[in-house]
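A structural walkthrough
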Amino acid sequence: MSTLTPAAPQSTPPRPTALTTGNRKRGKTKMDPTRNNTAAGVAAWLLALLFASPVVWMILTSFHSETDAATNPPSIAASLTLDAYREFFGETSGVSPWPSLINSATASILSTVLVLVLAIPAAYALSIRPVKKWTDVMFFFLSTKMMPVVAAILPLYLFARTVGALDNIWFLILMYTSMNLPIAVWMMRSFLAEVPEEMLEAAQIDGANLLLILRKVIAPVAMPGIAATALICFIFSWNELLLARVLTGVVAGTAPVFLTGFVSGQGLFLAKVCAAAVVISLPVLFAGFAAQDKLVPGLSLGAVK
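Residues numbered from 1 in each chain as written. Predicted model: local features only at pLDDT ≥ 70, side-chain atom pairs only at ≥ 80, totals over all residues. Heavy atoms only, no water.

In plain terms, the rule: UniProt positions are given in the numbering used here, feature names are shortened, and annotations may be inferred rather than shown by experiment.
For the protein chain, the name recorded in an unreviewed UniProt entry is Sorbitol/mannitol transport system permease protein, with Pseudarthrobacter defluvii as its organism. What UniProt states about the protein chain under its Sequence similarities (unreviewed entry) heading is, verbatim, "Belongs to the binding-protein-dependent transport system permease family." Taken from UniProt, the Subcellular location (unreviewed entry) comment for the protein chain reads in full: "Cell membrane".

Encoded structure:
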């Protein structure tokens, strides 16, 4: 006699809970990372073009004639010419900018070298081998930048006239060095603080003195910071106008001083101003391109991670 067994109940699918429903909804609304990267790239390019457009317009205007540059709105399809550059380099006016450009290069390069020679040992004493009350020393360096230059220009002028240093490129180099030294010390201290102490201890065990440690150990490691500091000091010296305008004249005048007297307020001068601005900006651009492989790590305060 056979016995009947009850049939097994059919399994029913589990009912969706709030957790699974929320995960499903979040999965549907999740954005594609590729689309986010593309949007960020497009936004970055648009922002870069926005910032670069005035520079591109200045360069384009420098190759136009004065008549075409003064039209409103300016003509983009106007014929190109080198008349503005010929005017700047003195082919038509007879006034050459080369003495002023050479003075700017001499003052900027030599002052930058002097700043690095003085700032690196000072930063070493304030970071790697800190002196007593080093915070007071750093505040003293910072306090020298609190007084505006215009407040000190009259005593500097009287001092330069007394010692016979007016219109002297070497006195201008000294002024640029004192102007950039506090900034360089502050920057170099941040960079040298990243140098591992183990490297210095190993060099001292091998018998290296302070100069050898600075030249063979610290300088290669902190080279990105040194490049960033040098570039900033060079830019500040190249663009400085007030000290050069008051303390120099015909012999030691710099490029910014030449630019202030290059154009008169009469007639059309827009193309000439753009050409002069392009030429004077080129050394800074070349210096930036030369140091670009070390500039980004240096400005991020990380020679050693």
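Having put the structure on the table, let's press on.
Quick notes on the overall build of the protein chain
Stated precisely, the cut-off is as follows: A run of H or I in DSSP counts as a helix once it spans at least four residues, and a run of E counts as a strand once it spans at least two, with each numbered from the N terminus. Here's how the labels work: a residue is buried when its accessible area is under 20% of the maximum for its type, exposed when over 50%, partly exposed in between, all with a 1.4 Å probe on protein chains only. The contact criterion used throughout is that any non-hydrogen atoms of two residues lie within 4.5 Å. Each accessible area is a Shrake-Rupley result for a 1.4 Å probe, and residues are judged covered by the shown protein chains and nothing else.
From N to C terminus, the protein chain includes 15 helices and 0 strands. The buried share of the protein chain, taken over its 305 residues, is 33%. Taking all contacts inside the protein chain whose residues are at least 6 apart in sequence as the whole, residues at least 24 apart take part in 75%. A total of about 19300 Å² of accessible surface is found on the protein chain, and carbon and sulfur atoms cover 69% of it.

Quick notes on the confidence of the model for the protein chain
The criterion, for reference: Confidence scores here are pLDDT values: one per residue, from the predictor, ranging 0 to 100.
Across the protein chain, pLDDT averages 81, with 84% of residues at or above 70. Confidence, read as mean pLDDT per element, is least for helix α1 (residues 18-29) in the protein chain (49) and greatest for helix α12 (residues 242-247) (93). A low-confidence stretch, residues 1-5 stays under pLDDT 50, and its non-local contacts, those more than four residues away or across chains, total 0 contacts.

Quick notes on the UniProt feature "transmembrane region" (unreviewed entry) in the protein chain
Residues annotated in UniProt with the feature "transmembrane region" (unreviewed entry) correspond here to residues 38-60, 105-126, 138-157, 169-192, 213-237, 243-262 and 269-291. Secondary structure across residues 169-192 divides into 100% helix and 0% strand, with the first and last C-alpha atoms of the span separated by 32 Å. Helix and strand shares over residues 213-237 are 96% and 0% respectively, and the end C-alpha atoms of the span are 29 Å apart.

Notes on the nonpolar core
What counts, and what does not: Take the buried residues of types Ala, Val, Leu, Ile, Met, Phe, Trp, Tyr and Cys, join any two whose side-chain atoms come within 4.5 Å, and each joined set is a nonpolar core.
Among the nonpolar cores identified, the biggest contains 31 residues, and I128, V185, M188, L192, L200, I213 and I218 are the most heavily contacted of them. For this core, the secondary-structure elements that each account for two or more residues are α5 (98-127), α6 (134-143), α8 (169-192), α9 (197-205), α10 (210-221) and α11 (223-239). Setting aside anything within four residues of it in sequence, one finds I213 in contact with L200, A203, Q204, A208 and I218.

Regarding the environment of S96
Just so we agree on the cut-off: What qualifies as a polar contact is a pair of N or O atoms within 3.5 Å, subject to a donor-acceptor requirement within protein and to the restriction that residues adjacent in sequence count only when both atoms come from side chains.
As for its placement among the helices and strands, S96 is situated in the loop between α4 (83-88) and α5. With a relative accessible area of 35%, S96 lands in the partly exposed category. A sequence separation of 162 residues divides S96 from F258, and the C-alpha atoms of the two residues are 9.7 Å apart. Ignoring anything within four residues of it in the chain, the contact list for S96 reads F89 and F258. One polar contact links the side chain of S96 to the main-chain amide nitrogen of W98, over a distance of 3.3 Å.

Description of the packing of aromatic side chains
Short version of the rule: A pair of aromatic rings is counted whenever rings of Phe, Tyr or Trp (Trp by its six-membered ring) have centres within 6.5 Å, and the orientation is called stacked for planes under 30 degrees apart, edge-to-face for over 60 and tilted otherwise.
With the rule as written, the count across this model stands at 8 aromatic pairs. A centroid spacing of 5.1 Å and a plane angle of 40° characterise the contact between F63 and Y85, whose relative ring orientation is tilted. Here F63, found in the loop between α2 (33-62) and α3 (66-69), pairs with Y85, found in helix α4; they are 22 residues apart in sequence, far enough to count as distant. Relative accessible area serves as the criterion here: at 28%, F63 is assigned to the partly exposed category. Seen in terms of ring centroids, F88 and F262 are 5.4 Å apart; in terms of plane orientation they differ by 80°. Their pairing is edge-to-face. Taken as a pair, F88 in helix α4 and F262 in the loop between α13 (255-260) and α14 (270-290) lie far apart in primary sequence, 174 residues in all. Feature note: the residues F88, F89, W98, F258 and F262 constitute an aromatic cluster, connected by ring pairs.

Thoughts on the side chain of T61
Here T61 lies in helix α2. Classification of T61 by relative accessible area gives buried; the value is 6%. With near-sequence residues (within four places) excluded, T61 lies in contact with A69, L270, A271 and C274.

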